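Coordinates in review
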Amino acid sequence: MIRQKIVAGNWKMNGSKESINALVNGLLEMKGSNSEVVIAPSFPYLSLVNELVAASDFSLAAQNVSGEVKGAYTGEVSASMLGDFDVKYVLLGHSERRTLYNETDDVVAAKVATALNAELAPILCIGETLEEREANQTFSVCERQIQAVISKVGIEAFAKIVIAYEPIWAIGTGLSASAEQAQEVHQSIRAFLAKSSEVVSQKVQILYGGSVKASTSKALFEMPDVDGALVGGASLDAKEFIAIVKAAG
Ligand code: PGA
């Protein structure tokens, strides 16, 4: 099955009005691409970026969303608010949220459910620590993280969910998984989904994330189960990010 590639830039807590204007203007130099380009600025800049990319094919993502629908949750942002700014995707379960903000599998699953109810497409991030990899727990950790979401929203919902496999040891470390290591895990994720639904497993786009650079992306994108990338550091550099999008074809 042909799955469209997605190249998503996770800007994390970086940028200012000035730098974001410059970055987006740089990205808009990009010629048409067969891949879907997604950018994920911090909340305050969603509206600005939405205006800047209005005439392009870029999609907008948020980096988080509340698991609650509305009400007395000071400091939180709801899924419907994101919808007001044409946000299509939301990153959920990023390892920085899991480790620094104690987001458990259940919290992530609840956020996935809330996002889907508001017609936001979750980019569900999963992945193992270095200790877990060394203990041969990579597949079981990924399966546990996915199973928590299946149990909450059902397998059919995965037709609207993008998965990002991001080994924690590769995030922000400059130490990317090799294309073969990524393929091995992506294939196992698809096989795990296939146990619940073969059809859904073939549809789901599985991105790789963790120190993706232009120089390593081509080999990753050649892998049959790698359907794109979630890019952190390199997405803050327009030229580098454009080169990654080009590598995706
Ligand atoms: P990185 O981040 O590309 O800087 O490793 C990836 C991510 O955290 O999504």
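Keep in mind that what you see is a predicted model, and the values were worked out from it rather than measured.

Parameters at a glance
- Residues numbered from 1 in each chain as written.
- Predicted model: local features only at pLDDT ≥ 70, side-chain atom pairs only at ≥ 80, totals over all residues.
- Heavy atoms only, no water.
- Helix = DSSP H or I, 4+ residues; strand = E, 2+ residues; numbered from the N terminus.
- Contact = heavy atoms within 4.5 Å.
- Areas by Shrake-Rupley, 256 points an atom, 1.4 Å probe, with all protein chains shown as cover.
- Near = heavy atom within 4 Å.
- Polar contact = N/O pair within 3.5 Å; in protein donor to acceptor, adjacent residues only side chain to side chain.
- Axes fitted to C-alpha atoms, helices over the stretch in contact; angles between N-to-C directions.
- Parallel < 35°, antiparallel > 145°, perpendicular 65-115°, else oblique.
- Left-handed = near helix turned anticlockwise from the far one by under 90°.
- Nonpolar A, V, L, I, M, F, W, Y, C, P; charged D, E, K, R; others polar.
- Buried < 20%, exposed > 50% of the residue type's maximum accessible area, 1.4 Å probe, protein only.
- Pairing = 2+ DSSP bridges.
- Expected span 1.5 Å × (residues − 1).
- Phe/Tyr/Trp six-rings, centres within 6.5 Å; stacked < 30°, edge-to-face > 60°.
- Lys NZ or Arg CZ within 6 Å of the ring centre and 35° of its normal.

Here's the deal with the overall build of the protein
Counting its regular elements, the protein contains 11 helices and 8 strands. Taking the principal axes of its C-alpha atoms as reference, the protein extends roughly 45 × 45 × 35 Å. Sequence separation of at least 24 residues holds for 72% of the intrachain contacts in the protein that already meet a minimum separation of 6. Accessible surface, the protein: about 11,500 Å² in total, of which carbon and sulfur atoms supply 52%.

Looking at the site of the ligand
As a matter of local geometry, the ligand sits amid 13 residues, with Lys 12, His 94, Glu 166, Gly 172 and Ser 211 nearest to it. Measuring from an oxygen atom of the ligand, one finds a side-chain N or O atom of His 94 at 2.7 Å. Glu 166 has a polar side-chain atom sitting 2.7 Å from an oxygen atom of the ligand. Protein contact buries 95% of the 280 Å² of open area that the ligand shows by itself.

What to know about the packing of helix α10 (residues 214-221) against helix α11 (residues 238-248)
Two numbers describe how α10 lies on α11: the axes approach to 9 Å, and their chain directions differ by 20°. One way to sum up the angle between α10 and α11 is to call them roughly parallel. Note that α10 runs across α11; the crossing there is right-handed. On α11, the residues touching Ala 214, Ser 217, Lys 218 and Phe 221 of α10 are Glu 240, Ala 243, Ile 244, Ala 247 and Ala 248. Here the residues of the contact of α10 with α11 are counted per class, giving 6 nonpolar, 1 polar and 2 charged.

So, the pairing of strand β6 (residues 162-165)
Residue alternation in β6 divides its side chains into two sets, Val 162 and Ala 164 and Ile 163 and Tyr 165, and both sets are buried. Here 4 bridges tie strand β5 (residues 121-126) to β6, and the two strands are oriented parallel to one another. Residue pairing in the sheet places Ile 126 in a bridge with Tyr 165 of β6.

Comments concerning helix α7 (residues 138-153)
Across its 16 residues, α7 extends 23 Å between first and last C-alpha, which sits within 8% of the 22 Å expected from 1.5 Å per residue. Within α7, burial applies to Thr 138, Val 141, Cys 142, Gln 145, Ile 146, Ala 148, Val 149 and Ile 150.

Side note on the packing of aromatic side chains
Taken as a whole and judged by the stated rule, the model has 1 aromatic pair. Positioned above the aromatic ring of Tyr 101, the side-chain terminus of Arg 97 is 4.2 Å from the ring centre.

A short note on the packing of helix α1 (residues 17-27) against α11
The geometry of α1 relative to α11 is characterised by a closest axis approach of 9 Å and an angle of 35° between their N-to-C directions. The hand of the α1/α11 crossing is right-handed. Of the residues in α11, those touching α1 at Leu 23, Gly 26 and Leu 27 are Ala 238, Phe 241 and Ile 242. Here the contact of α1 with α11 is composed, by residue class, of 5 nonpolar, 1 polar and no charged.

Regarding the sheet that holds strand β7 (residues 206-209)
Around the barrel, which closes on itself, the 8 strands sit in the order β1-β2-β3-β4-β5-β6-β7-β8 with parallel pairing between neighbours. Adjacent strand axes in the sheet meet at a mean angle of 25°, parallel and antiparallel pairs treated alike.

These figures capture arrangement, not role.
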